[in-house]
Amino acid sequence: MDKRIYLCLAHMSGKEQDFIREAFDTNWVVPLGPNVNAFEDDLKHFVGQNKEVVALSAGTAAIHLGLIQLGVSAGDEVICQSFTFCASANPVAYQGATPVFIDSEEDTWNMDPALLEEAIKDRIAKTGKKPKAILPVHLYGMPARIDEICAIAAKYDIPVLEDAAEALGSEFKGQKCGTFGTFGVLSFNGNKMITTSGGGALIVPDEAAKKQTMFYATQAREPFPHYQHEKIGYNYRMSNICAGIGRGQMTVLEDHIAHHRHVHDLYAKAFEGVEGITLKSNPDDRFNANYWLSTILIDPEKTGTNYDEVRVQLDAKGIETRPLWKPMHLQPVYVNNPCYVNGVSERLFNMGLCIPAGPWVTDEDVAYIVEQIKACLKK
Ligand SMILES: Cc1ncc(COP(=O)(O)O)c(C=O)c1O
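Quick caveat, the model's predicted, so the values are computed rather than measured. Throughout this document, residue positions are counted from 1 along each chain, in the order its sequence is written. Owing to the predicted nature of the model, reporting of local features is limited to residues with pLDDT of at least 70; listing and counting of side-chain atom pairs is limited to 80 or more, with chain, interface and lining totals taken over all residues. Water and hydrogen atoms were dropped before computing side-chain values, which therefore reflect all heavy atoms in the structure.

1. A few points about the site of the ligand
Point 1. Within the structure, the ligand sits among 15 residues, and Thr-60, Asp-163, Glu-166, Ser-187 and Lys-192 are positioned closest to it.
Point 2. Here an oxygen atom of the ligand and a backbone polar atom of Gly-59 are 2.8 Å apart.
Point 3. A distance of 2.7 Å separates a nitrogen atom of the ligand from a polar side-chain atom of Asp-163.
Point 4. With respect to the pocket detection grid, the ligand is positioned in the largest pocket.
Point 5. For the shell around the ligand, the per-class residue count stands at five nonpolar, seven polar and three charged. Residues are labelled near a given molecule or strand when at least one of their non-hydrogen atoms is within 4 Å of it. For the purposes of these results, a polar contact is taken to be a pair of N or O atoms within 3.5 Å, where, inside protein, one atom must be able to donate a hydrogen and its partner to accept one; residues adjacent in sequence count only when each atom of the pair is a side-chain atom. The way it works is a 1 Å grid over only the protein atoms, where trapped points that fit a 1.4 Å probe form a cavity and open points with protein on both sides within 12 Å along at least five of seven lines form a pocket, and then any residue with an atom within 4 Å of a point lines it. More than half of a molecule's atoms lying within 2 Å of a cavity's or pocket's grid points is what places that molecule inside it. Any residue outside Ala, Val, Leu, Ile, Met, Phe, Trp, Tyr, Cys, Pro, Asp, Glu, Lys and Arg is labelled polar, Gly included; the first ten of those are nonpolar and the last four are charged.

2. Observations concerning the layout of surface pockets
Point 1. Roughly 300 Å³ of internal volume is contained in the largest pocket.
Point 2. Looking at which element gives the most residues to the lining of the largest pocket, the answer is helix H3 (residues 59-69), with three residues.
Point 3. Among the residues making up the lining of the largest pocket, the classes are represented as eight nonpolar, nine polar and four charged.
Point 4. Boundaries of every domain are those given by an automatic assignment or by a domain database. Here the lining of the largest pocket spans two domains, and each of domain 1 (15-250) and domain 2 (252-376) adds at least three residues to it.
Point 5. By volume, the second largest pocket amounts to about 160 Å³.
Point 6. Together, Met-214, Phe-215, Thr-218, Gln-219, Arg-221 and Tyr-227 line the second largest pocket.
Point 7. Broken down by class, the residue content of the lining of the second largest pocket amounts to three nonpolar, two polar and one charged. Grid points are joined across faces, edges and corners, and a volume is the space filled by probe spheres set on the points. Comment: elements are numbered from the N terminus, with helices defined as DSSP H or I runs of at least four residues and strands as E runs of at least two.

3. Topic: the UniProt feature "active site" (unreviewed entry) in the chain
Point 1. UniProt positions are given in the numbering used here, feature names are shortened, and annotations may be inferred rather than shown by experiment. Mapped onto this structure's residue numbering, the UniProt feature "active site" (unreviewed entry) falls at Lys-192.
Point 2. Here Lys-192 is to be found in the loop between strand E8 (183-187) and strand E9 (200-204).
Point 3. In this view, Lys-192 contacts Cys-8, Ala-165, Glu-166, Ser-187 and Trp-292; residues no more than four positions away in its chain are not counted. Contacts are assigned to residue pairs with any non-hydrogen atoms lying within 4.5 Å of each other.

4. Here's the deal with the sheet that holds strand E1 (residues 52-56)
Point 1. The pairing criterion for strands is at least two bridges between them, as found by DSSP. Sheet architecture is open: four strands sit in the order E1-E9-E8-E5, paired in mixed fashion. In the strand order of this sheet, the two ends are held by E1 and strand E5 (161-163), each with one partner. Across this sheet, the average inter-strand angle for adjacent strands is 20 degrees, counted without regard to direction.
Point 2. In this structure, E5 lies alongside E8, joined through three bridges in parallel fashion. Looking at the pairing, Leu-161 lines up with Phe-183 of E8.
Point 3. An axis is simply a line fitted to the C-alpha atoms; with a helix, the fit covers only the stretch in contact. Between two such axes, the angle follows the N-to-C directions and lies from 0 to 180 degrees. Here helix H2 (residues 34-47) sits on the sheet and contacts E1, E8 and E9; the angle it forms with E1, its principal contact strand, is near 135 degrees.
Point 4. Taken strand by strand, helix H7 (residues 207-217) contacts E1 and E9, and its axis lies near 10 degrees from that of E1.

Laid out in structure tokens, this is it:
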């Protein structure tokens, strides 16, 4: 094949340029305006549950503003998922607080509820105070066991901030990921389910929380004619130009999700009966992943190869893949943080690959990718 197949390339509807042109024509070339309002409205209707949505400059900014509004500050601990991208945990460190890492369970690869409860009890025993927040992730778009996580959070009266950056459109029991916790986080970075080139959003419980989020996102300016500041704020609002891209993308969001699921289904059929290759799929029908990226585990014993050899071979054949996230408790920057581990995320990291799933991946591409993966197997 002469073209290169990427994991998840941005894909435009064509309407993005109209919204951007409108912004230029009306001179709304600022980090607020009609596109921002309309994009927030589109997202609000998409996620449902009577939530409000604030469009921000990045998913990372959304996590940061969620933590600030949950009162996370220096000396606090926040329970994080270890198996994730660093942006889930870094904003905890921005606040001078400590991420405490929890390993994954096998079914969803997300935060293990049993370890979560063990960690809460242990942190209270060791530090004399409760963790300030729980930050589970719906990794690769697979919903976490969010009902169990929320039940434990409620039992100990600790708020949940859901990282749904990779899970726009994923559902647990028919409810959209990002709407279970006090706050939920979305990302529209270049490779996500939809993109605004860069951007994110915070899903918030009500209008008051929306106002407060916008206040922190615009340098915490108090309502005076002059510039009065009583709190530390941030420059985190989404630009009206980026929101124009977002509005265009909302017109194809359902198509994108359907396509990612279709690609996953094709992989599922093609890998049936292939010894040593396991495609990650919904554990049962309560889970409805968006399959942002399809992921496979490669068993070295059964295949005679490993994820890294396969990655290098596929790269030579024009196929982009990526190792699964390296768990945070194994990252040098977090190596001294408290962690509660069971070996699951480390094992996944040593066996897994993300394979292409984006809107540009065709049925023929999937067949070619599977053929090339099979060609790597030595047993
Ligand atoms: C799990 C997870 N959390 C947070 C983020 C941060 O989002 P952003 O890149 O929009 O800051 C990302 C993606 O980049 C992510 O994959």
